[in-house]
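Summary of structural features
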Amino acid sequence: MEDKLRKELGTTMLKSTGHSGGGCISEGQSYDTDTGRVFVKINHKSEAKLMFDGEMASLEAISKTETVKVPKPVKVIELDTRGCVFVMEHLDMRGLTKYSKHLGENLADLHIHNKKQLEKLNKEKQTVGKGAGQSEVTVFEKFGFGVTTCCGYLPQENEWEEDWVTFFSRHRLQQQLDMVEKSYGDREARELWAELQRKIPQCFTDVEIVPALLHGDLWGGNVAECADGPVIFDPASFYGHSEYELGIAGMFGGFNSSFYSAYHEKIPKAPGFAQRNQLYQLFHYLNHWNHFGGGYRGSSVKIMKSLLK
């Protein structure tokens, strides 16, 4: 692997630093190279390239907004043996403590970014003497993403949709429940989903949703801080409802009240927030059920029943 890395990165020096890391999906290792230190994620699964290509596209999209720090992606490299590596900038990270408030502000800025660009573009169109296309800005008016991204190692359907409720129901919940059905044939989950589908649109009455670029998997294990501020990593991005981001954030801890206060100062809670938050957590419980097995069945079923009350 190291010979391949040297060649692909065009470096003569490739020295392991002893810094390593990893989660339940991939392992990681830092190396010093001719041009500086890099972090290399390694995954030997056959779908590793799909996963890393999605992560690279996610990091590039977030980085372009200049709102919240992410590691700069360098290159996805296929190994001669099965699997893939993803090379990115090495960041000296520690647990999020000092910069919680900043992360709340930065995340809200990320979520508002596309909306601001849309407003800017519309304003330009209305300005005398300026037609459409004056701005170099890329704006997104639909929900989805240009490539497949993976939440964990499971690929997400990111086909573009005009309507958020359609996107979320079809490409997030339905996809997860199809996997549950295939693996477990769970009758109760199937029957609850048949009822819940009809109720979902009611959760979004009178809520204006502008596509927001999301990290997509923002739990406490995917945030940290550097000396100069907060950083987020391991994204599973797409354009969706900003509230979606806070679903998993509230499930496993890691975010204090200063994070939420700073975030909601910029993006206040809309009516019905708590119910939609449950709906977004349902996706992650189902995703965990599909990743890690029946230990997450109870939480998934419980949330569906709660939403149907």
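Residues numbered from 1 in each chain as written. Predicted model: local features only at pLDDT ≥ 70, side-chain atom pairs only at ≥ 80, totals over all residues. Heavy atoms only, no water.

The next subject is the sheet that holds strand E3 (residues 36-43). Overall, antiparallel pairing links the five strands, which are arranged E1-E2-E3-E5-E4 in an open sheet. Each edge of the open sheet carries a strand with a single partner, namely strand E1 (14-22) and strand E4 (73-78). On average, adjacent strands in this sheet sit at an angle of 25° to one another, irrespective of strand direction. Bridging between E4 and strand E5 (residues 84-89) involves five bridges; their strand directions are antiparallel. Residue Val 76 lies in a different strand from E5, and its bridge partner there is Phe 86. The strands touched by helix H1 (residues 2-9) within the sheet are E1, strand E2 (27-33), E3, E4 and E5, with E4 carrying the most contacts at an inclination of about 130°. (Pairing = 2+ DSSP bridges. Helix = DSSP H or I, 4+ residues; strand = E, 2+ residues; numbered from the N terminus. Axes fitted to C-alpha atoms, helices over the stretch in contact; angles between N-to-C directions. Contact = heavy atoms within 4.5 Å.)

Our next topic: the pattern of salt bridges. Scanning the entire structure with this criterion turns up 18 salt bridges. We note a salt bridge from Lys 4 to Asp 80, for which the minimum N-O separation is 3.2 Å. With Lys 4 in helix H1 and Asp 80 in the loop between E4 and E5, the pair connects residues that are 76 residues apart, well separated along the chain. The residue Glu 188 makes a salt bridge to Arg 297 at a minimum N-O spacing of 2.9 Å. Remark: Arg 297 occurs in helix H9 (residues 297-308) and Glu 188 occurs in helix H5 (residues 187-199); sequence separation between them is 109 residues. On the basis of relative accessibility, which here comes to 29%, the residue Glu 188 falls in the partly exposed class. The network of salt bridges with common partners includes Asp 186, Glu 188, Arg 297 and Lys 305. (Salt bridge = Lys/Arg side-chain N within 4 Å of Asp/Glu carboxyl O. Buried < 20%, exposed > 50% of the residue type's maximum accessible area, 1.4 Å probe, protein only.)

What follows concerns unusual backbone geometry. The phi dihedral of Glu 66 falls on the positive side, at around 55°, and the residue is not glycine. Note that Glu 66 resides in the loop between helix H2 (48-65) and E4.

What follows concerns the nonpolar core. One finds Trp 164, Leu 173, Phe 204 and Leu 279 to be the most contacted residues of the largest nonpolar core, which totals 71 residues. When we break this core down by domain, the ones giving at least three residues each are domain 1 (11-93) and domain 2 (95-127 + 138-308). Here Leu 173 is in contact with Phe 168, Trp 193, Ile 200, Leu 279, Leu 282, Phe 283 and Leu 286, once residues within four sequence places are set aside. In this structure, Val 40, Ile 42, Ile 77 and Leu 79 belong to the second largest nonpolar core, which totals ten residues. (Core = buried A, V, L, I, M, F, W, Y, C linked by side-chain atoms within 4.5 Å. Domains from an automatic or database assignment.)

Structurally, the position occupied by Ser 100 is in helix H3 (residues 100-126). Taking the relative accessible area as the measure of exposure, Ser 100 reaches 3% and is therefore buried. If we ignore the near neighbours within four places in the chain, the residues touching Ser 100 are Asn 256, Ser 258 and Phe 259.

Another point: the domain arrangement of the protein chain. Taken domain by domain, the protein chain holds domain 1 (11-93) and domain 2 (95-127 + 138-308). The gap between the C-alpha centroids of domain 1 and domain 2 is 24 Å. With 23 residues of domain 1 at the contact, the number on the domain 2 side is 29 residues. Counting the contacts that link domain 1 with domain 2 gives one salt bridge. For Asp 234, the salt bridge goes to Lys 41, with nearest N and O atoms at 2.8 Å. Partitioning the side of domain 1 that touches domain 2 into residue classes produces 13 nonpolar, four polar and six charged. (Nonpolar A, V, L, I, M, F, W, Y, C, P; charged D, E, K, R; others polar.)

This paragraph deals with H5. Spanning 13 residues, H5 covers 19 Å between terminal C-alpha atoms, matching the ideal 18 Å at 1.5 Å per step. Taken as a whole, H5 has its buried residues at Ala 189, Leu 192, Trp 193, Leu 196 and Lys 199. In this structure, the buried residues of H5 make contact with helix H4 (164-184), helix H8 (273-292) and H9. Of the residues that open H5, the one with a side-chain oxygen 3.3 Å from the backbone nitrogen of Glu 188 is Asp 186. (Expected span 1.5 Å × (residues − 1). Polar contact = N/O pair within 3.5 Å; in protein donor to acceptor, adjacent residues only side chain to side chain.)

A few words on the packing of H8 against H9. Two elements in contact, H8 and H9, have axes whose closest approach is 9 Å; the angle formed by their N-to-C orientations is 155°. Overall, the two elements H8 and H9 adopt an arrangement that is roughly antiparallel. Considering only the axes of H8 and H9, their crossing is left-handed. Between H8, through Gln 275, Gln 278, Leu 279, Gln 281, Leu 282, Tyr 285, Leu 286 and Trp 289, and H9, the contact on the second element is made entirely by Arg 297, Ser 299, Ser 300, Ile 303, Met 304, Ser 306 and Leu 307. A breakdown of the residues in the contact of H8 with H9 according to their chemical character gives eight nonpolar, six polar and one charged. (Parallel < 35°, antiparallel > 145°, perpendicular 65-115°, else oblique. Left-handed = near helix turned anticlockwise from the far one by under 90°.)

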